[in-house]
Amino acid sequence: AFTEADLKLTSGVFFCYSLGLIFFGIRESFTRILYAFKNTKAVSKSILISLFINIMLNFILKRYLGLNGLALATSISGFVGINILYNEIKKIDNL
């Protein structure tokens, strides 16, 4: 059965994931812009760096925040990823 303790645990995880929702939406737009300019290397670089940061933060934040740390690590890595993509978009002359 789903208890009140489960509800509290789940709500914390959902909150931490919700912090990153805007980043995931922006990432989709930025990725499409870079694909339109045939800059797939920047997208790949962003994905790999975000993945590495997510893994590292998972180990660190899980120790201190438990499951919420895993969700927060995903949100933070999403933020890092869009910053990388944004900097690549700024380099495009035609935009």
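The structure we're discussing is the one just above.
Note that the coordinates shown come from a computational prediction; the quantities given were computed from them, not determined experimentally.

**Comments concerning the overall build of the chain**
Broken down by element type, the chain carries four helices and zero strands. Taken from N to C terminus, the helices and strands of the chain fall in the order α-α-α-α. A compact globule built from 95 residues should have a C-alpha radius of gyration of about 12 Å, whereas the chain, at 16 Å, is more than 25% larger. By principal-axis analysis of the C-alpha atoms, the chain measures approximately 55 × 20 × 15 Å. In the chain, which comprises 95 residues, the share counted as buried stands at 31%. Of all intrachain contacts in the chain linking residues separated by at least 6 positions in sequence, the fraction that spans at least 24 positions is 74%. Within the structure as shown, the chain displays about 6600 Å² of accessible surface, and the carbon and sulfur contribution to it stands at 67%. Here the chain holds 10 positive side-chain charges and 5 negative ones, and the gap between their average locations is 8 Å.

**Brief notes about the side chain of T74**
In this structure, T74 sits in helix α4 (residues 67-90). Those residues within four positions of T74 in sequence are excluded, and the remaining contacts are Y17, F24 and N54.

**Comments concerning the packing of helix α1 (residues 4-18) against α4**
A pair of packed helices is captured by two measures, namely the crossing angle of their axes and the spacing between those axes. Interhelical geometry of α1 versus α4 gives an angle of 15° and a closest axis separation of 7 Å. In terms of orientation, α1 and α4 fall into the roughly parallel class. The way α1 lies across α4 gives a crossing that is right-handed. Between α1 and α4, the contacting residues are L9, G12, V13, C16 and Y17 on the first element and L67, N68, A71, L72, T74 and S75 on the second.

Cut-offs used in this document
Per chain, residues are indexed from 1 in the order of the written sequence. Predicted model: local features are reported for residues with pLDDT of at least 70 only, side-chain atom pairs are reported and counted for 80 or more only, and whole-chain, interface and lining totals are derived from all residues. The side-chain values count all of the structure's non-hydrogen atoms but skip hydrogen atoms and water molecules. Under the scheme used here, helices are H or I runs from DSSP no shorter than 4 residues and strands are E runs no shorter than 2 residues, and both carry numbers assigned from the N terminus. Radius of gyration here is computed from C-alpha atoms only, and the compact-globule reference equals 2.2 Å multiplied by the residue count raised to the power 0.38. Under the scheme applied here, a residue whose accessible area is under 20% of the maximum for its type counts as buried, over 50% as exposed, and between as partly exposed, the area being computed with a 1.4 Å probe on protein chains only. Residue contacts are counted whenever heavy atoms from the two residues lie within 4.5 Å of one another. Per-residue accessibility takes into account occlusion by the displayed protein chains alone, with areas from the Shrake-Rupley method and a 1.4 Å probe. Residues scored as charged are limited to Lys and Arg (positive) and Asp and Glu (negative), so that His and the chain ends carry no count. A charge is said to be at NZ when it belongs to Lys, at CZ for Arg, at CG for Asp and at CD for Glu. Axis definition: a line fit to C-alpha positions, over the contact stretch in the case of helices; interaxial angles, taken between N-to-C directions, run 0 to 180 degrees. Under this scheme an angle from 65 to 115 degrees is roughly perpendicular, one under 35 degrees roughly parallel, and one over 145 degrees roughly antiparallel; angles in between are oblique. By the definition used in this description, the sense in which the near helix is turned from the far one sets the handedness, with an anticlockwise turn below a right angle giving left-handed and a clockwise turn giving right-handed.

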